[in-house]
Amino acid sequence: MTDPLASLLVPLPASAETVVGDGPVDLGHGVHVRWVDERCAGVGTHLQADLDRVLGPPDDERAVPLALSLHDLGPDRSPEGYRLHVGDGVSLLAAATEAGLARGAATYRQLVDRPTRTAVPMVIDDAPRFAWRGLLVDCVRHFMPLDALRRTVDAMALAKLNVLHLHLTDDQAWRVASRAHPQLTERASPGGHYELDDLAALVAHAADRGVRVVPELDVPGHTSALLVAFPELALGAPPASVPTSYVVPGVSVDPSSEAVFEVLDTIVGEWAEVFPDECFHIGGDEVPVLGEERQAAFTARMVAIVRGHGRTPIVWDEALHPGLDRDVIVQAWRSPALLHEAVRAGHRAILSSGWYLDLGVPLRHLHAVDPLDPPERLQASVLAPWRDADLAGVVGPMAAATVEQAGSLDGASPLTAEERSRVLGGEAAMWCERVTPALLDTYLWPLAAAVADRLWSPAGSLAALDHGLVENRFDLLPAFGVWTDVDPKRGPRVILGALADLAGDHGLDPRRAEVALAALADWCEPVRWYARAVVGWPDANGRSDDAPPPGTGQPLDRFVDALGPEADGPRAWRRRTARPAPGDAYALVAAWRAPAAVLGPLSDGPSILAEPARLADRLAAAADVLAALLDAAAGGSTSAGVPAAEAEAEAEAVAALGPLRAPIGEATIAVTSVFRALGAQGRA
Ligand code: TNX
């Protein structure tokens, strides 16, 4: 039997690795992490504490030693490269920097198998492909408490992501206290804010795990909260109050006002004291009210301010302009074409287009995006989810068109070696309009680990993976559960539990209701793209009448909120169909019928209960379609090829599924890939 850890991968240390020794290393007496160089203490102390928790405290006599050391590993090595030797005697971890030690420590954790208290013996020489492997967390649309950010950092380190980009200001709130301007958080931080000291502590926590923290102060647009605290700084009429809606309000600070730059300079200075990172993000997205030239002039002033505090500015791609200083880093979010535009213009750049975790992009599609792919291939992989009829539903073509409008790579020539060297890497973006702290883990993991793998692993090893393999590699969520407090199922459990209790008030047995809701959730997904993330599903057929419009006051407690971006059922099914058992498909028919049998009576209840009840009916209807298809296949299986009756049944099945996939309460049933898989098998 293969050890599941051998395929664990988040990301797989792949540059060069060899399994050594005769068998697993016994860690039954614990591990003693040792170092001489005090610079190893941050990583070492944290690793020791984790190992003590997972394996038990080391037995002084018999614990296995793991020695950490800092060494120059040779010229042309990434500062994050490391060498790790896990063996029967002393295990060794060497790196040139503390960040490199943190990467090696992450790999060491992956090699530990908690149930058997052993480690896979290995010699690994590893280094990242990209220097910038980021994760943006929007702390504005929902305030993210420090513990949520700390466990996110822990999981980032395990996945070898190395930059936490904190989006700290926006229309809906200003999240950082200011010594000079207390009115910012007194007047404009509904839901909570961070003290500067809190952020300093988070930065220290991250540093011990080799994770940089880059703050974003988003100007000149997305500034309603700032302008509520400082109405005199607005271009035109200031907003009367902090908006709750997620629709971009189109406000801006007044770029002709010196007072604007005085206030911003003071704030950048305060932030620079707690964020030591060399980079500082100044936003710049979605400000059409300013026009290109005025935005460019504003950006130049902000760039000078950030430089004055010794930092390198980063901007969103709207701030790209011929006059933009070449040293400014550009983050491409609207289209991958803007990544190319930026590096051709001499900027260093980061890719986020294709990696929006709020839009319901399935893992296999996130994993396929590669910043250094040839132009047309890069564009195709970013657009793939929106061109895939199974996934995109109504918003598919619209999503693809929006990306292409912002810039197309059709017919673009490949980047030169020099231009490629300016692609720093990429960033998964976790915008949190619909993501509460309780749901953060659900949206982040394992999806962000797929992006991490793309940005870390050698291009050659990635090219060898097909979709199925990619999905299997990331089914190993338990690794996060072992080493961090991350629990992607926590939020969904709470929501479904509350719905089950409510079902109890409507005459159902709450326990049975909870099981039925969980089974249903395995086969349902939220609608994708901005339909879910920001705007709300416009279809009268889909939205409940009493659902409030998307905004900060919205309680995220409906069935759809308990769904992660990607359903578990189809993924598990695809894994099984690699070796299908004859009864599998009929078992699925029964599984799809079960939730409706329990939840049916709720169809006439309040919409919060009627939504899952109606989805359960849909799933049961899909079960009937599946049963008919299976019966037809069984009837025709004696003749060679695809019998006419079977082909007809398949066509009927596909036609019948269309209407069943119309959204209810912003969710749809996720069954299509099963029919696809069965069809493909039948034809094979
Ligand atoms: C666009 S990405 C935004 C954010 C939203 C996000 C939702 C960017 C620079 N601006 O304000 O939260 O879309 O996907």
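This is a predicted model, so every value here is computed, not measured.

Criteria and cut-off values
- Residues numbered from 1 in each chain as written.
- Predicted model: local features only at pLDDT ≥ 70, side-chain atom pairs only at ≥ 80, totals over all residues.
- Heavy atoms only, no water.
- Helix = DSSP H or I, 4+ residues; strand = E, 2+ residues; numbered from the N terminus.
- Buried < 20%, exposed > 50% of the residue type's maximum accessible area, 1.4 Å probe, protein only.
- 1 Å grid on protein atoms, 1.4 Å probe; cavity = no way out; pocket = protein on both sides within 12 Å on 5 of 7 lines; lining within 4 Å.
- Points joined across faces, edges and corners; volume = space filled by probe spheres on them.
- Nonpolar A, V, L, I, M, F, W, Y, C, P; charged D, E, K, R; others polar.
- Domains from an automatic or database assignment.
- pLDDT = per-residue confidence, 0-100.
- Contact = heavy atoms within 4.5 Å.

Let's talk about unusual backbone geometry
Cis rather than trans, the peptide bond between Val-219 and Pro-220 has omega equal to 5°. Position of Pro-220 among the secondary structure elements: in the loop between β12 (212-216) and α6 (224-229). Cis geometry marks the peptide bond from Trp-445 to Pro-446, where omega comes out at 10°. Positionally, Pro-446 belongs in the loop between α15 (437-444) and α16 (447-456). Even without a glycine there, the phi angle at Asp-76 is positive, about 60°. With respect to the element layout, Asp-76 can be found in the loop between β4 (64-70) and β5 (82-86). You can call Asp-76 exposed: its relative accessible area is 83%.

Some details on empty space enclosed by the protein
Here the structure, examined in full by the defined rule, presents 4 cavities of 30 Å³ or more. Taken as a whole, the largest cavity encloses approximately 110 Å³ of empty space. Together, 14 residues line the largest cavity, and His-46, Arg-109, Ala-157, Leu-158 and Arg-209 are the ones closest to its centre. Secondary structure elements with two or more residues in the lining of the largest cavity: α1 (41-55), α2 (98-111) and α3 (146-159). Element by element, the count of residues in the lining of the largest cavity is highest for α2, at 4 residues. Class assignment of the residues belonging to the lining of the largest cavity gives a composition of 7 nonpolar, 2 polar and 5 charged. Its volume calculated, the second largest cavity comes out at about 90 Å³. Lining the second largest cavity are 15 residues, with Asp-358, Leu-359, Gly-360, Tyr-443 and Arg-532 sitting closest to its centre. It is helix α22 (residues 529-535) that provides the largest number of residues to the lining of the second largest cavity, a total of 3 residues. Taken domain by domain, the makeup of the lining of the second largest cavity includes at least three residues from each of domain 2 (132-482) and domain 3 (490-683).

Section: the confidence of the model for the protein
Model confidence for the protein is summarised by a mean pLDDT of 89, while 88% of its residues fall at 70 or above. Note on residues 1-15: pLDDT is under 50 here. Beyond four places in sequence and across chains, it has 47 contacts. Note that residues 539-544 has pLDDT below 50 and, in this model, 17 contacts with residues that lie over four places away or in other chains.

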